[in-house]
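Okay, here's what each chain looks like letter by letter:
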Amino acid sequence: MKRENMKTETPCQVVVWDVLPAIRAALAKELVDNGVTQQEVAKLFGMAPSAVSQYLTKKRGYRIEFDDEIKASIANLAVDIQNGTVDDLSHRFCDICRQLRSDDACPADK
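Computed from a predicted structure; not experimentally measured. Sequence positions are assigned chain by chain, starting from 1 and proceeding in written order. The model is predicted, so local features are restricted to residues of pLDDT at least 70 and side-chain atom pairs to those at 80 or more, both for listing and for counting; the totals for chains, interfaces and linings are taken over all residues. For side-chain calculations, the full set of non-hydrogen atoms in the structure is used, while hydrogens and water are omitted.

**Side note on the environment of K59**
So, point 1. Under the scheme used here, helices are H or I runs from DSSP no shorter than 4 residues and strands are E runs no shorter than 2 residues, and both carry numbers assigned from the N terminus. Following the sequence through the fold, K59 ends up in the loop between α3 (49-56) and α4 (68-83).
So, point 2. The spatial distance from the C-alpha of K59 to the C-alpha of A25 is 9.7 Å, given a sequence separation of 34 residues.

See below:
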């Protein structure tokens, strides 16, 4: 077995390090653009406001650019959050991640 051809990064690692932060960044931007404060977004995400600021300034979660279909799903999630109709935020994140994978657009699969 040739060691130089071995890939040690798993698709799950890509999801955790790149995909989920990109979804959070896009969702944070959408919410803030729609009038939600950074503090409210931070509370929703269970993180410090400074982390939300880093998403908004592309210091975090900037490695992936989503296609229009994924952007629409994130925008719909933002609206549902603002309307108070989201029961399980983590489930909705998983839905978006599954959508990425089903569209053959998931960076983890490349």
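**Focus: the packing of helix α2 (residues 38-45) against α3**
So, point 1. The axes used here are C-alpha line fits, helices contributing only the stretch in contact, and every angle between their N-to-C directions lies in the interval 0 to 180 degrees. At a minimum axis separation of 8 Å, α2 and α3 run at an interaxial angle of 105°. Classified by the interaxial angle, the pair formed by α2 and α3 is roughly perpendicular. Of the residues in α3, those in contact with Q38, Q39, V41 and A42 of α2 are P49, V52, S53 and L56.
So, point 2. Considering only residue class, the contact of α2 with α3 consists of five nonpolar, three polar and no charged. These descriptions rest on fixed angle ranges, namely under 35 degrees for roughly parallel, over 145 for roughly antiparallel, 65 to 115 for roughly perpendicular, and the rest for oblique. Should any heavy atoms of two residues lie within 4.5 Å, those residues are counted as being in contact. Here the term charged refers only to Asp, Glu, Lys and Arg, the term nonpolar to Ala, Val, Leu, Ile, Met, Phe, Trp, Tyr, Cys and Pro, and the term polar to all other amino acids, Gly among them.

**So, the side chain of D18**
So, point 1. Tracing the backbone through its elements, the reader meets D18 in helix α1 (residues 11-33).
So, point 2. The cut-offs for exposure are 20% and 50% of the maximum accessible area for each residue type, with area from a 1.4 Å probe on protein chains only; residues under the lower value are buried, those over the upper are exposed, and the others partly exposed. Under the relative-accessibility criterion, D18 is labelled buried at 16%.
So, point 3. Within 3.5 Å is the distance limit for a polar contact, defined as a pair of N or O atoms, with the added protein rule that one can donate a hydrogen and the other accept it, and that residues adjacent in sequence qualify only through two side-chain atoms. At 2.7 Å, the side chain of D18 and the side chain of R63 are in polar contact.
So, point 4. Among residues more than four places away in sequence, those in contact with D18 are Q13, R63 and I64.

**Quick notes on the packing of aromatic side chains**
So, point 1. Geometry of aromatic contacts follows a simple scheme: Phe, Tyr and Trp rings, the Trp one being its six-membered ring, pair when their centres are within 6.5 Å, and the pair is stacked under 30 degrees between planes, edge-to-face over 60, tilted otherwise. Summed over all chains, the structure comprises one aromatic pair.
So, point 2. Ring plane angle 85° and centroid distance 6.3 Å describe the contact between F45 and F93, whose orientation is recorded as edge-to-face. A residue pair is termed long-range when its members are at least 10 positions apart, and F45 in helix α2 and F93 in helix α5 (residues 89-102) qualify at 48 residues. Of the two residues examined, F45 and F93, each falls in the buried class.
So, point 3. Remark: a charge is flagged as sitting over a ring if the NZ atom of Lys or the CZ atom of Arg is within 6 Å of the ring centre and within 35 degrees of the ring normal. A cation over a ring is seen here: R60 above Y55, with NZ or CZ 5.8 Å from the ring centre.

**Regarding α3**
For an α-helix, 3.6 residues make a turn, and residues three or four places apart therefore share a direction.
So, point 1. Among the residues making up α3, those that are buried are A51, V52 and Y55. Seen from one end, α3 has its buried residues packed into an arc of 100°, which puts them on one side.
So, point 2. Those residues of α3 that are buried are in contact with α1 and α2.
So, point 3. Following α3 by one or two positions, K58 has its phi on the positive side, about 60°. Read the arc as the range of directions from the helix axis to the C-beta atoms.

**Section: the side chain of Q99**
So, point 1. Relative to the elements of secondary structure, Q99 occurs in helix α5.
So, point 2. Among the residues examined, Q99 registers a relative accessible area of 16% and is labelled buried.
So, point 3. With near-sequence residues (within four places) excluded, Q99 lies in contact with E69, I70 and S73.

Function cannot be inferred from these measures alone, as they are strictly geometric.
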